[in-house]
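Next come the chains, spelled out residue by residue.
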Amino acid sequence: MASVQAASRLLSKRILSKTNAVPAAAVQGSRNFHFSIYGKKKNAKVSDDISTQYPVVDHEFDAVVVGAGGAGLRAAFGLSEAGFNTACVTKLFPTRSHTVAAQGGINAALGNMEEDDWRWHFYDTVKGSDWLGDQDAIHYMTEQAPAAVVELENFGMPFSRTEDGKIYQRAFGGQSLKFGKGGQAHRCCCVADRTGHSLLHTLYGRSLRYDTSYFVEYFALDLLMEDGECKGVIALCMEDGSIHRFRAQNTVIATGGYGRTYFSCTSAHTSTGDGNAMVTRAGLPCQDLEFVQFHPTGIYGAGCLITEGCRGEGGILINSEGERFMERYAPNAKDLASRDVVSRSMTIEIREGRGVGPDKDHVYLQLHHLPPQQLATRLPGISETAMIFAGVDVTKEPIPVLPTVHYNMGGIPTNFKGQVITHSSGQDNVVPGLYACGEAACASVHGANRLGANSLLDLVVFGRACALTIAEEHKPGEKLSPLKSNAGEESVANLDKLRFANGSLRTSEIRLNMQKTMQAHAAVFRTGPVLKEGCEKMDAIYQTMDDIKTFDRGIVWNTDLVETLELQNLMLNAVQTIHSAEQRKESRGAHAREDFKDRIDEYDYSKPVQGQEKKSFDQHWRKHTMSYVDPKTGKVTLEYRPVIDSSLDEQECAHVPPAIRSY
């Protein structure tokens, strides 16, 4: 009981009582606002510069992190640890973030199961990316991986263990030894099949050691940009409808992916690409959004994730004839080929009439040949999920599965230090004050296809990298540059417009139209005419946003309003994804075109390069897509940026030249 009282005393110190500076209009207006200001050091001031309808609270921090999943928490406590006065703004309680749903594990070349080397992990990641990954960032991530996992262990993450007490590592897709020549690697450190859950709770517990100010259930609306520099973010407090401007020298975006642009996906309903959309509205580009990963094993009908760890533990995919069909498509790696390869193979099996079920429209994942003891210790969550969502006892019968949208390789373009970049006249330029990490970012470590268990690694390595870069370039307590008094006015005007929107289409109707269009027109296999039709449909659906209708006119916990704001964000992600896909006239990684089946590089790597003429930048597709959208019209503009082919240190780790990708 004493500990509860101590905790509540601590909390009451954190909540400043309602300040006297609240403008009369805000309190006595027709809407009768009552709100408290969270924060510390009494750094919150109330102003009515933007709006007399909505109370606007100004906060000043050294750094603000948007999002509190794995990447956001790692960045936030990294900054607090370095002495920065840090705010973490999140629309969900931190442990509700989607990192919690990761199952398989986190890759690192620890060498606990057999000899391993981070350079082999580097090679696998470059190959997995189909040579669209930036090799300097991949070098940084794979070299840092062992230390990142040991750090997590020191924070108290309860990894599964081998008999002799070392961290257990399972086999995972696309992981090999000796630069692809030494067979299957066991590189994936896991906590049974609940690794993300464990990681998120470990990071959150750790973050409470530090003096980070959490603003929980605050929905970030937009970046505060002036003269190409990021000065902070503006957010809506969902609890009371107050508007908060967070002024900061450094802003880190860690808002996750946008899986919910699709009808069937493994993402939470909150994965709405808010960070990508904030960056797009600020006139900055997103990168490689056409590369959407389909996880081979989502439960048929429900879309829930069944981890690749099942296949890592020895599970196999079978068709209606009971055949282990992956042996035909990937003779060496079989069921542990990379995800895009497995998803396409499954889709081909179904198309050719070897699917299972009454409609022959899915395949089976078989686990019942494995010892029940192994299933109980290594895959307990999966056994439960399969029973709840498919009514299947995994010890006796197979799980019905289908490729399901799972991850976005694209995102906000950054360098390996986490700094957001733009590309103009052949140069990468850093956007001052803006950083991104996690699934929202595209440092491009994943290129055209992410390898399983590289995403949790991406979170902790680049969350930490953002904190380190900020600590290198800034000092705590630096004076903030001035901000226009009406900064964020447009965001509030947009919020007000949506709150009183009275068109003819509900938010849910428009969202469903978008999801069905994306599912049908930008699927596992894509073709020109279908993509073109998808672009036209998405452009038309974008225009219907003007005819939206919201029902809740209140301001306290207005979920209707928040879902509509999220739909605006999803829409910006969706149009960029489908237009980028339509333009990319090749097949690479997760982007598989049936009318352009080959990967088009600067050379034809299926033949010796000697004597070949190098294709010009315009003629080949080994380049990053940079997409911009005009939020008013929904018009998408595409530019391209070269891939970084050199590692950070060629002596220590030679870059991997492109080759034909087979498993």
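Residues numbered from 1 in each chain as written. Predicted model: local features only at pLDDT ≥ 70, side-chain atom pairs only at ≥ 80, totals over all residues. Heavy atoms only, no water.

Caption draft 1: Spotlight on the overall build of the protein. Secondary structure assignment for the protein yields 17 helices and 27 strands. In terms of C-alpha radius of gyration, the protein reaches 24 Å, essentially the compact-globule figure of 26 Å for 663 residues. Across its three principal directions, the C-alpha atoms of the protein cover 75 × 60 × 55 Å. When each of the 663 residues of the protein is scored for burial, the buried share is 60%. Here the contacts in the protein between residues at least 6 apart in sequence split such that 73% fall between residues at least 24 apart. Element-wise, carbon and sulfur atoms account for 51% of the exposed surface of the protein, whose accessible area totals about 25200 Å². Taken as two groups, the 70 positive and 80 negative side-chain charges of the protein have centres that lie 3 Å from each other. (Helix = DSSP H or I, 4+ residues; strand = E, 2+ residues; numbered from the N terminus. Rg over C-alpha atoms; globule rule 2.2 N^0.38 Å. Buried < 20%, exposed > 50% of the residue type's maximum accessible area, 1.4 Å probe, protein only. Contact = heavy atoms within 4.5 Å. Areas by Shrake-Rupley, 256 points an atom, 1.4 Å probe, with all protein chains shown as cover. Lys, Arg positive; Asp, Glu negative; His and termini not counted. Charge placed at Lys NZ, Arg CZ, Asp CG, Glu CD.)

Caption draft 2: Broad picture of the pairing of strand 17 (residues 399-408). Counting buried positions along strand 17 yields 9 of 10 residues, so the element is predominantly enclosed. Bridge analysis of strand 16 (residues 363-366) against strand 17 gives 3 bridges, and the strand direction is antiparallel. When the sheet's bridge partners are listed, Tyr364 is paired in strand 17 with Pro400. (Pairing = 2+ DSSP bridges.)

Caption draft 3: Region of the structure containing the nonpolar core. Residues Ile106, Leu152, Phe159, Val252 and Phe462 are the most contacted members of the largest nonpolar core, which totals 57 residues. Mapped by element, the contributors of at least two residues to this core are strand 4 (56-66), helix 3 (70-81), helix 4 (118-128), helix 5 (135-155), helix 6 (195-207) and helix 13 (455-473). Not counting chain neighbours up to four residues away, the residues in contact with Phe462 comprise Ala137, Tyr140, Met141, Phe416, Cys437, Ala443 and Val445. By size, the runner-up hydrophobic cluster in this structure holds 53 residues, among which are Leu224, Ala277, Phe294 and Leu495. (Core = buried A, V, L, I, M, F, W, Y, C linked by side-chain atoms within 4.5 Å.)

Caption draft 4: A look at the sheet that holds strand 26 (residues 623-630). Taken in spatial order, the 3 strands line up as 13-26-27 in an open sheet, and their pairing is antiparallel. In the strand order of this sheet, the two ends are held by strand 13 (286-287) and strand 27 (635-642), each with one partner. Sheet topology note: the strand 13/strand 26 ladder contains 2 bridges and is antiparallel. Within strand 26, the residue paired with Cys286 across the bridge is Ser627.

Caption draft 5: Local environment of the side chain of Ser97. Within the secondary structure, Ser97 is located in the loop between strand 5 (86-90) and strand 6 (106-107). Its relative accessible area of 7% is what places Ser97 among the buried residues. Polar side-chain contacts of Ser97 include one of 2.8 Å to the backbone oxygen of Pro94. Beyond its immediate chain neighbours, meaning those up to four positions away, Ser97 contacts Ala68, Gly69, Leu92 and Leu200. (Polar contact = N/O pair within 3.5 Å; in protein donor to acceptor, adjacent residues only side chain to side chain.)

Caption draft 6: The arrangement of the layout of surface pockets in detail. Approximately 990 Å³ is the volume found for the second largest pocket. Lining the second largest pocket are 33 residues; nearest its centre among them are Asp222, Arg281, Glu490, Asn494 and Pro631. Tallying contributions element by element places strand 10 (residues 218-226) first for the lining of the second largest pocket, with 8 residues. Its residues placed into classes, the lining of the second largest pocket shows 16 nonpolar, 7 polar and 10 charged. (1 Å grid on protein atoms, 1.4 Å probe; cavity = no way out; pocket = protein on both sides within 12 Å on 5 of 7 lines; lining within 4 Å. Points joined across faces, edges and corners; volume = space filled by probe spheres on them. Nonpolar A, V, L, I, M, F, W, Y, C, P; charged D, E, K, R; others polar.)

Caption draft 7: Broad picture of empty space enclosed by the protein. Overall, the coordinates contain 3 cavities of 30 Å³ or more when judged by the stated rule. Computed from the structure, the largest cavity encloses a volume of approximately 70 Å³. Gly438, Ala441, Cys442, Ala443 and Asp458 are, among the 15 residues lining the largest cavity, the residues nearest its centre. Among the secondary structure elements, those contributing two or more residues to the lining of the largest cavity are strand 21 (441-442) and helix 13. Classifying every residue of the lining of the largest cavity gives 9 nonpolar, 5 polar and 1 charged. Secondary-structure elements contributing two or more residues to the lining of the second largest cavity are strand 11 (229-237) and strand 12 (243-253). Taken together, the residues of the lining of the second largest cavity break down into 4 nonpolar, 2 polar and 3 charged.

Caption draft 8: Up close: the packing of helix 15 (residues 507-521) against helix 17 (residues 559-583). The N-to-C vectors of helix 15 and helix 17 enclose an angle of 25 degrees; their axes lie 10 Å apart at closest approach. In terms of axis orientation, helix 15 runs roughly parallel to helix 17. When the axes of helix 15 and helix 17 are compared, the crossing they make is left-handed. Facing Thr507, Ile510, Arg511, Met514, Met518 and His521 of helix 15, the residues of helix 17 in contact are Asp560, Glu563, Thr564, Leu567, Leu570, Met571, Ala574, Thr577 and Ile578. Residues belonging to the contact of helix 15 with helix 17 are distributed by class as follows: 8 nonpolar, 4 polar and 3 charged. (Axes fitted to C-alpha atoms, helices over the stretch in contact; angles between N-to-C directions. Parallel < 35°, antiparallel > 145°, perpendicular 65-115°, else oblique. Left-handed = near helix turned anticlockwise from the far one by under 90°.)

Caption draft 9: Molecular detail of the side chain of Thr251. Residue placement: Thr251 occurs in strand 12. Using a relative accessible area of 0% as the deciding quantity, one classes Thr251 as buried. In this view, Thr251 contacts Val64, Leu223, Cys230, Gly232, Val233, Gly433, Leu434 and Tyr435; residues no more than four positions away in its chain are not counted.

Caption draft 10: Quick look at the environment of Val524. Within the secondary structure, Val524 sits in the loop between helix 15 and strand 23 (525-526). Looking at Val524, the relative accessible area reads 10%, which means it is buried. Spatially, the C-alpha atom of Val524 lies 28 Å from that of Lys607, the residues being 83 residues apart in sequence. If sequence neighbours within four positions are ignored, Val524 has contacts with Phe294, Ser343, Arg344, Thr347, Pro403, Ala590 and Ala592.

Caption draft 11: Examining the sheet that holds strand 6 more closely. Spatially, 3 strands are ordered 6-8-7 in an open sheet, and the strand pairing comes out antiparallel. What marks the edges here is a single partner per strand, and that holds for strand 6 and strand 7 (169-176). As paired strands, strand 6 and strand 8 (residues 184-189) are joined by 2 bridges and run antiparallel to one another. Within strand 8, the position partnered with Asn107 by the bridge is Cys188.

Caption draft 12: Summary view of unusual backbone geometry. At Phe179, a position not held by glycine, the phi torsion is positive, near 55 degrees. With respect to the element layout, Phe179 can be found in the loop between strand 7 and strand 8. Here Ala192, not a glycine, exhibits a phi torsion of approximately 45 degrees, which is positive. The topology assignment puts Ala192 in the loop between strand 8 and helix 6. We classify Ala192 as buried; its relative accessible area is 12%.

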